[in-house]
Amino acid sequence: MAQSQSASTSGFRTGSQLAFELAMAQVTAGTADPTQTTTDTTSSITNSADAVTDSADAVTDGTAATADSTSPANPEDRPPYANAKPVRKVVRTATVPGNDGLVLDQSYLEADHVLNGEDGVTTATGNVQLRQNGRTIIADKVTTNSTTGVTEAEGHTRTIAEDGSIQFSDHIRYDDNMQSGYSENFASIGRNNSKVFARRLEQVNPDINRLTNVIYTPCALCVKNGETQSPTWSIEASQITQRKDKKMVFYNNAVVKLKGVPVLYSPYLWTPDPDLDRASGFLFPKISTGRKRGFSYEQPYLWSISPYQYLIISPQLNASVNPLLNMEYKRRFYSGTLHIRGGFTNEAFFDNDGDRHGASATREYLLADGAFKINKNWRWNFTAQHVKDESGDSKGDYANFFERYGIDGAFDQVGDLSVDSRQLINQVNVTRQVSNAYFAITMASFQSLQVGGYLDSAKLQPYAISSDYFPTIAPQIEAYWSPKSRILGGQLTFSANAIGVYHKSLTSSTSTGLTASQIGAPSGLVVKTAGYDTNRISGGLTWEGDMTTRSGIKWGPFVDLRHDYYRVSNLDGNGLTEEESRDLSTAGLNISYPLYRKFKSFTAIIEPVAQLAVSPDAQTSPYIPTEDSQSFEFDETTLFSFNKSPGFDVYEAGKRLNLGLRGELRFNSGLQLDGLIGRVLRDKPESQFLKTVAINGQSYTYDPSGLGSQNSDWIMTGSFQTKKTYNGYARLRFDSETGHLSQGEYGLTAKSKNTMGTLRYIVNNVLTSPTELDADGKLIRFGDNYRDFQIYAQHFFSDHWGVSTRIDRDLVADSWRKSTLSLIYKDDCSWFELVYQQNNTALTTANGKPSSSIFFRLNLTTLGTSLSKVNDVR
């Protein structure tokens, strides 16, 4: 029968309500198939049933289809709805029916026999199905009393929700007037494969649900020799009470079991209501032990202030040193997100052996960032980062606050400006971006935690390079605009750029810090330790053509024009100021000819590429710095840039021809190969990319980038990828004179059913500051500068046992960096790891020996994820 809520049999609606509101998880295998449906003819209760026959038939057909699609192939391994196909969800209203054809609060009854008594009691028996609001109750017998409002269902009672979750019980009773009821011998199945069993499930009122003698587990229940085995882990409680009004769930006599063995007991505990996305409560603690802080216990507490903001208070309690109070605040606004981390303590400096040095002092840190959208085109973001870790020594403050207290993610890159390793940045950026225009203004300052040296001869107290040596940027302005239509067959772009760079001081070559030569200060700096300031304004335009001939040749001329104005002040420490202007230009031609050929088993693509660029000779000045062009790499990403300088201070000059050859092979089997080889040819060396070193009173010029010589280094890259298992790459640069490998990076990744891993080897043979000559009196430019080997791998020997490793080996220092080896056990609902970790970095060693630790990591399904899973880390 399909009818509205106002009909005399409204009790059927409330009868199905109970099990759906109180269901919490999944049923064991071996229970009768919950999707079994009746095929017998529906009996009419009243004459009004004839009026809704067509509607009922339509719902029956839809339900039968759902029942067939949700039958489990193997109930032991997956829930009954595992094969269900997604159905487009329809929002059910009083006038719009849902996927089952029923409108809101309308019900449908199907049974072998239906008896409608004169006392208001309606009894349905034999394969009873009651559907309403997307839910289906199946039972042997359903009785409803329209006078008292009491509905009862008994005999293999099963309730199926619209999402496929299923609840089972022997008996259900619900009082519509009191809005209360109960279910006996209750079991349920959830979408996440978790299971709940209870002797009794009771709804005291709409806000309070109570379960008695409860067992919960997300694990599969395996049957061996006719007996159900204990799950990997489970939670049992004598009583669980769900308080919807308080948004909490309370447990009495809770016991956590592993393989049926009790490992944790709590007479009383509570957790947030699972219906909530977030609620206040304790998070998993962080437990560790080591020589620095001794035994350390950190207990985070989450305060859910509102649905869009939270505060985590996380005190770190240490056996050997004073506590550290950590806090983390996050709030989501309609326009963006604010994130703040911070902490403080009062303690003396302690080394990696836990020995204190000096007096106690307040030590603190702040890591804040935010990103907001003003409107469709405008946005702004900021970072605020600072550490107070004073040493009391004029050399500098301590450099290893984050390492001493084990604070993760302190140097993660956030904001628009990126910085070098172990640097913090305070910045604010405002940006406007549309399809043909870009504008940004940025201000920034820096704090360095790079190690400048040690305060003691035993090298136990590292201090940081003074932040006074790093500039303040106030401001940096960038603007670009292009017409939406092409000009003369090409893209025209106008640009403007301005920056103010202010230094507090520099250091002499005999002390630790940043010298004038290291940061690219003007050669005309009178006092080499003076904190000079630079203001620059630049304006320019670029036009790039892009055409293709009928024969397939791609070509396009280009022109780049720019004017720079510099004002450099405080060159002598007393306000000496110089001004410089220069005009820069480049004209050239891009040309390439992609060739495509399809063979029987593969397709080949070859593309010769050339770029001719012509610029006037370099316009250098003793008063123009090279500060923003100190660090760059010559590789495949810059090979065809007509100005390979990363900044504005250096502008590539002269006549040069950038040449390259690209190739690609695509096999029908899924194998793909690609590669590139190229170099730069000049009419004469580019002195701006060369450096000079003095040895025994004589100057020697060398090319650290491989780009300054008349014939540049060779750039070679290659990669391959199979259909499923392997992929690899190589990025190489070879010296143009000797053929020596200057720089290289190799990587190989493999994936299979039980194995995944990545190997990576990085090498740099170019000496940054050569100091020796060979037997012929030539500068020795190559040596063991940097060689590093990394392994990230995981392998399972069986369905349950495996190993994982992360290894980082410094081949020059012949030492291990941070390395980890794990023994893993896993099943369908848990992940156990026994982990050995060794750290041999300078800030973690003690008495020249690496720090090491052994710890146990446990992750339970629905409660955490493994930290040792491996991905391609290219």
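## Points about the overall build of the chain
- Regarding its fold elements, the chain presents four helices and 50 strands.
- By residue count, 43% of the 874 residues in the chain fall in the buried class.
- For the chain, the proportion of contacts with a sequence separation of at least 24, taken over those separated by at least 6, is 51%.
- Accessible area for the chain stands at about 44300 Å²; split by element, carbon and sulfur atoms hold 53% of it.

## Things to note about the pattern of salt bridges
- Under the definition given, this model contains 30 salt bridges.
- Its salt-bridge partner being Arg200, residue Glu184 comes within 3.7 Å of it at the nearest N-O pair. One end of the pair, Glu184, is in strand β8 (residues 180-189); the other, Arg200, is in strand β9 (residues 195-205), and 16 residues separate them in sequence.
- Within the structure, one salt-bridge network assembled from shared partners comprises Asp635, Glu636, Arg731, Glu745 and Arg760.

## Side note on the pairing of strand β31 (residues 533-545)
- Bridging between strand β30 (residues 490-502) and β31 involves 13 bridges; their strand directions are antiparallel. Each bridged residue has a counterpart across the sheet, and for Thr493 the counterpart in β31 is Thr542.
- As judged from the 12 bridges shared by β31 and strand β33 (residues 554-569), these two strands associate in the antiparallel manner. Looking at the pairing, Asn535 lines up with Arg567 of β33.

## Thoughts on the pairing of strand β38 (residues 672-682)
- Strand direction decides the pairing type here: strand β37 (residues 654-667) and β38, joined by 11 bridges, are antiparallel. Paired with Leu657 across the strands is Leu681, a residue of β38.
- In this structure, the hairpin formed by β37 and β38 is closed by a connection of four residues, where Gly670 is found at a positive phi of approximately 105°.

## Looking at the state of the cysteines
- Scanning the entire structure with this criterion turns up one disulfide.
- Residue Cys219 pairs covalently with Cys829 via a disulfide, S to S 1.7 Å. Disulfide Cys219-Cys829: torsion about the S-S bond near 90°, hence right-handed. Taken together, the positions of Cys219 in the loop between β10 (208-217) and β11 (223-224) and Cys829 in the loop between β48 (819-827) and β49 (830-839) put the pair 610 residues apart, joining distant regions of the chain.

## Details of the nonpolar core
- In terms of nonpolar packing, the biggest core is built from 20 residues, with Phe446, Leu506, Ile519, Ala521, Leu525 and Tyr532 touching the most fellow members.
- Among the elements of the structure, β26 (437-448), β30 and α4 (516-519) are those that each provide at least two residues to this core.
- Residues Phe401, Phe402, Tyr405 and Leu424 belong to the second largest nonpolar core, which totals 13 residues.

What counts and what doesn't
- Residues numbered from 1 in each chain as written.
- Predicted model: local features only at pLDDT ≥ 70, side-chain atom pairs only at ≥ 80, totals over all residues.
- Heavy atoms only, no water.
- Helix = DSSP H or I, 4+ residues; strand = E, 2+ residues; numbered from the N terminus.
- Buried < 20%, exposed > 50% of the residue type's maximum accessible area, 1.4 Å probe, protein only.
- Contact = heavy atoms within 4.5 Å.
- Areas by Shrake-Rupley, 256 points an atom, 1.4 Å probe, with all protein chains shown as cover.
- Salt bridge = Lys/Arg side-chain N within 4 Å of Asp/Glu carboxyl O.
- Pairing = 2+ DSSP bridges.
- Disulfide = S-S within 2.5 Å.
- Core = buried A, V, L, I, M, F, W, Y, C linked by side-chain atoms within 4.5 Å.

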